[in-house]
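Geometric and topological summary
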Amino acid sequence: MRKQKRQKFSEIKAGLDDAESLIRKMDLEARSLQPNVKAVLLAKLREYKSDLNNLKSEDKRLASANSNQAARDDLLESGMADAMSVSANQRGRLMMSTERLNESSDRIKESRRTMLETEELGVSILQDLHQQRQSLLHANDTVFLLLKVPYRLHLLTGKFEGKDERKRLMRKGGRKNK
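Bear in mind the structure is a predicted one, so any value in this text is a computation, not a measurement.

Side note on the overall build of the chain
For the chain, the helix and strand inventory stands at four helices and zero strands. The linear arrangement of helices and strands in the chain, starting from the amino end, is α-α-α-α. In the chain, which comprises 178 residues, the share counted as buried stands at 6%. A sequence separation of at least 24 residues applies to 49% of the contacts in the chain between residues at least 6 apart.

Structure (structure tokens):
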């Protein structure tokens, strides 16, 4: 089939070349004629040249499409031959690669599981730390309130027995007035 197409394209190309040669000869002959006949023949020759150029363009387009199809067919045929001749060595490598891929997938799944467990543990630790922080803040507030009690007593009783009392005692050397 391809051989017949190539032969037909060769025949068409030869015919186009012959037509071009004839048009050139007719052009030379028409130019040597009398001016009144020459003008009519040259107009006809321009039409023939235009038609010939259109035919050449169509031939190139079809030849290009045919060569593309032939190249595609050659590739497909060689691809089929290659696919039929896959060796046992290639199959072995493919199976080994598949096994490694499966092992890697398993490791990724295990790593993901470990990551999720670690994340859960981190969330739990953060919750514990939050509770401890709240306890410390509450204890701090309680201590602050307890430190305010002597000052409030001073306001109520008029006598402050907090820091000032301790300072006074230290100045006297630890002895109390009797």
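What follows continues from the structure just given.
Thoughts on the nonpolar core
Leu-16, Ile-23, Ala-30, Leu-42, Leu-45 and Leu-52 form the largest nonpolar core, which has six residues in total. Setting aside chain neighbours within four positions, we find Ile-23 in contact with Leu-45, Tyr-48, Lys-49 and Leu-52.

Quick notes on the side chain of Asp-27
Inspection of the secondary structure assignment puts Asp-27 in helix α1 (residues 2-31). Residue classification places Asp-27 among the buried positions, given a relative accessible area of 13%. Excluding its chain neighbours within four sequence positions, the residues that come into contact with Asp-27 are Leu-42, Leu-45 and Lys-49.

As for the pattern of salt bridges
For the coordinates displayed, the defined rule picks out seven salt bridges. The salt bridge partner of Arg-24 is Glu-20, with a shortest N-O separation of 4.0 Å. Residue Arg-24 and its partner Glu-20 are located together in helix α1, separated by four residues, close to a single helical turn. A salt bridge links Glu-110 to Arg-113, with the nearest nitrogen and oxygen atoms 2.3 Å apart. Of this pair, Glu-110 and Arg-113 are both found in helix α3 (residues 88-157), three residues apart, which corresponds to roughly one turn of the helix. A relative accessible area of 41% means that Arg-113 is categorised as partly exposed. Among the charged side chains, a network of salt bridges with common partners joins Glu-20, Arg-24 and Lys-56.

Rules of the game
Residue numbering note: each chain is counted from 1, following its sequence as written. Predicted model: local features are reported for residues with pLDDT of at least 70 only, side-chain atom pairs are reported and counted for 80 or more only, and whole-chain, interface and lining totals are derived from all residues. Side-chain numbers here rest on the full set of heavy atoms in the structure, without hydrogens or water. Counting from the N terminus, the helices are DSSP H or I runs at least four residues long and the strands are E runs at least two residues long. Three exposure classes are used, based on accessible area relative to the maximum for each residue type with a 1.4 Å probe and protein chains only: buried under 20%, partly exposed in between, and exposed over 50%. Contacts were defined at the residue level, with two residues in contact if any of their heavy atoms lie within 4.5 Å. As used here, the term nonpolar core means buried Ala, Val, Leu, Ile, Met, Phe, Trp, Tyr and Cys residues forming a set that is joined through side-chain atoms within 4.5 Å. Salt bridge criterion: a side-chain nitrogen from Lys or Arg within 4 Å of a carboxyl oxygen from Asp or Glu.

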